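Listed below, chain by chain, are the residues.
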Amino acid sequence: YDDHMVIKISPDPLTDFNKYIQSINRDSRIAKKLAPRECLVPRVSVILKKIYPLQEGSGLPPELMEQKYIQLLKGDTKLQNYLKIGDGFAYFMDLSKYFFLGHILKRIHNIKDKVISEISRQPGLLWSPADFEARYGSQHVDICDNLNPVYTSFHNRCYDLLQRHRIDSTVSEFNIKEWFLTYLSGRKLPKTEFPSKPGLASEMNTSVLKLFNDKRQPVQNYQRMVHAFVISKNLKQHNSQISSMIINLLNLLFWLGEKNLAMRDLKPDNLLIAGNPSKFPQFLESANMYSIGLIDIETTVSYDASQKNAIRQPPLGGTPSYATPTHQLKNKTIIGVYKNLPLILHLQDWYATVGMIYQTVTGDRLFVKTAKNLLILKRNTREQAHEKGNPR
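Residues numbered from 1 in each chain as written. Predicted model: local features only at pLDDT ≥ 70, side-chain atom pairs only at ≥ 80, totals over all residues. Heavy atoms only, no water.

**Focus on the pattern of salt bridges**
The final tally for this structure, using the stated rule, is six salt bridges. Between Asp27 and Arg26 there is a salt bridge; the shortest N-O distance is 3.4 Å. Since its relative accessible area comes to 8%, Asp27 is described here as buried. Arg135 serves as the salt-bridge partner of Glu118, at 2.7 Å between the closest nitrogen and oxygen. A residue pair is termed long-range when its members are at least 10 positions apart, and Glu118 in helix H5 (residues 111-120) and Arg135 in helix H6 (residues 129-136) qualify at 17 residues. On the basis of relative accessible area, Glu118 is assigned to the buried category, the value being 5%. (Salt bridge = Lys/Arg side-chain N within 4 Å of Asp/Glu carboxyl O. Buried < 20%, exposed > 50% of the residue type's maximum accessible area, 1.4 Å probe, protein only. Helix = DSSP H or I, 4+ residues; strand = E, 2+ residues; numbered from the N terminus.)

Listed below in structure tokens is the structure:
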């Protein structure tokens, strides 16, 4: 189909149609509680309206269309097969109006490609100290000076190889400088660089790798400087977008607290950007022009501080980089240790939001060591559960 969709498949095939519909209805109830904030939930109509259009047409309200299709599925079990992938039912969500926060952050913080661009699009800087100083500052002039002997060695190695393969007359000084910048940016020459000599590129890559290893310090100093320069430039370029996303992340956290809901699996890939698609990415400049919505809310739990014991037991787990150890604990254990279950559930989202704010600014994960420890804890918990005959 031409529509953008999110398709979620359960790790354990869900074959019971009634349980499948119950889980969809549960997500819909949470979405209503979150309204008017955007919340993308599974709908059977996402697929069925493509396969079996209703006579009433597409003018029906989404909720009414969904209910009509559910009734139709109950009466015609053959239609249920269109909602399956393999033996189990899958969840289908329409993403045509939205953007994932995770994709936007990758777009903003694509530092690797931006470093390559910075090096390759400034081909004359290394051979013009004045221009190098003008771009990177006088404090880095020595980096340029120290890199010149490396280039001289590189130049000599290249010519030795080219002469050995008898193609030195077809290669210009510009070509060699361009290759040097390619290697400095962390890339290698492709095999297609020398069509008539298929093994030459590999031979040159090996030789340059040895050279850069021998001259490690000046090469790394240059690469680190460019990397820091690109990050600083990128932050300035996207400052308003980053600020607006932080504001909307905090707004989302406050909204969830007001609604007494804990999502428990907040992460960039579970958040959507709801703005005018025709004005993307310009609307990212202002927090008032869009909002951050939710997707994949199966781990969500509703809590009420006045009814602590009535809070439903949510699934244990969570995404390690955005989860706390309490994600692995049952409600009764949390109550026994911390007393205040609603507060702990809310702090789980608070913790994830702090991690996402850090990632929004830097492009990197914050709780790396904690995530590794949680993976170990999660694996041990699963193994203990299996030993006791309880896979959950």
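**A look at the sheet that holds strand S8 (residues 290-295)**
The four strands lie next to each other as S2-S8-S7-S5, forming an open sheet whose pairing is mixed. Two strands bound the open sheet, and with one partner strand each, they are strand S2 (39-40) and strand S5 (99-100). Where S5 lies against strand S7 (residues 271-275), two bridges are found, and the strand directions are antiparallel. Considered in S7, the bridge of Phe100 is made with Leu272. (Pairing = 2+ DSSP bridges.)

**Some remarks on helix H10 (residues 216-237)**
Because an α-helix completes one turn every 3.6 residues, residues spaced three or four positions apart along the sequence face the same direction. Given a rise of 1.5 Å per residue, 22 residues ought to cover 32 Å, and the 31 Å separating the end C-alpha atoms of H10 matches this to within 8%. Looking at H10, one finds that the buried residues are Pro218, Val219, Tyr222, Met225, Val226, Val230 and Asn234. One side of H10 carries all its buried residues, which in axial view fall inside an arc of 165°. Among the structural elements, helix H4 (101-108), H5, H6, helix H7 (141-164), helix H8 (173-184) and helix H9 (200-214) are those in contact with the buried residues of H10. (Expected span 1.5 Å × (residues − 1). Arc of directions from axis to C-beta. Contact = heavy atoms within 4.5 Å.)

**Quick notes on the pairing of strand S4 (residues 88-94)**
For a regular strand, the rule is simple: side chains alternate between the two faces of the sheet. Of all seven residues that make up S4, six are buried, and the element is covered over most of its length. In this sheet, S4 lies alongside strand S1 (residues 5-9) in antiparallel orientation, the contact comprising five bridges. Residue pairing in the sheet places Met5 in a bridge with Asp94 of S4. Summarising the sheet, strand S3 (residues 84-85) and S4 pair through two bridges and their orientation is antiparallel. By the bridge assignment, Ile85 is partnered in S4 with Gly88. Connecting S3 to the antiparallel partner S4 that follows it, the hairpin turn spans two residues, and Gly86 within it adopts a positive phi of roughly 75°.

**Here's the deal with the nonpolar core**
Within the largest apolar cluster, 37 residues are counted, with the highest numbers of intra-cluster contacts made by Phe154, Trp179, Met204 and Tyr222. At the level of elements, H5, H6, H7, H8, H9 and H10 are the ones that each hand at least two residues to this core. Sorting elements by how many residues they give to this core places H7 first, with nine residues. One finds Leu256, Leu261, Leu266 and Leu294 within the second-largest nonpolar core, a separate group that totals 28 residues. (Core = buried A, V, L, I, M, F, W, Y, C linked by side-chain atoms within 4.5 Å.)

**Quick notes on the sheet that holds S3**
The sheet built from three strands is open, its strands ordered S1-S4-S3 with antiparallel pairing. In this open sheet, the two strands that pair with only one neighbour each are S1 and S3.

**Describing a nonpolar patch on the surface**
Together, Leu343, Leu347, Trp350, Val354, Tyr358 and Leu366 line one region of the surface with nonpolar side chains, adding up to about 490 Å² of accessible area. Inspection of the secondary structure puts Tyr358 in helix H13 (residues 341-362). (Patch = residues over 30% accessible without salt bridge, like charges linked within 9 Å, V, L, I, M, F, W, Y side chains within 5 Å. Areas by Shrake-Rupley, 256 points an atom, 1.4 Å probe, with all protein chains shown as cover.)

**Concerning the pairing of S7**
By the criterion of burial, S7 is predominantly enclosed, with five of the five residues buried. With burial as the criterion, each face of S7 is covered, one bearing Leu271, Ile273 and Gly275 and the other bearing Leu272 and Ala274.

**Comments concerning unusual backbone geometry**
The linkage connecting Ala35 with the following residue, Pro36, adopts the cis geometry, with an omega of 10°. Within the secondary structure layout, Pro36 lies in the loop between helix H1 (17-34) and S2. Phe280 connects to Pro281 through a cis peptide bond whose omega is 5°. One non-glycine residue, Asp296, lies in positive phi territory at about 60°. For Asp296, the position within the fold is in the loop between S8 and strand S9 (301-302).

**Re the environment of Asp296**
Judged by its relative accessible area of 23%, Asp296 falls in the partly exposed class. Sequence spacing of Asp296 and Asn205 is 91 residues, and the spatial spacing of their C-alpha atoms is 45 Å. Leaving out residues up to four positions away in the same chain, Asp296 has contacts with Lys8, Leu40 and Asn270. Within the structure, Asp296 has its side chain in polar contact with the side chain of Lys8 (distance 2.4 Å). (Polar contact = N/O pair within 3.5 Å; in protein donor to acceptor, adjacent residues only side chain to side chain.)

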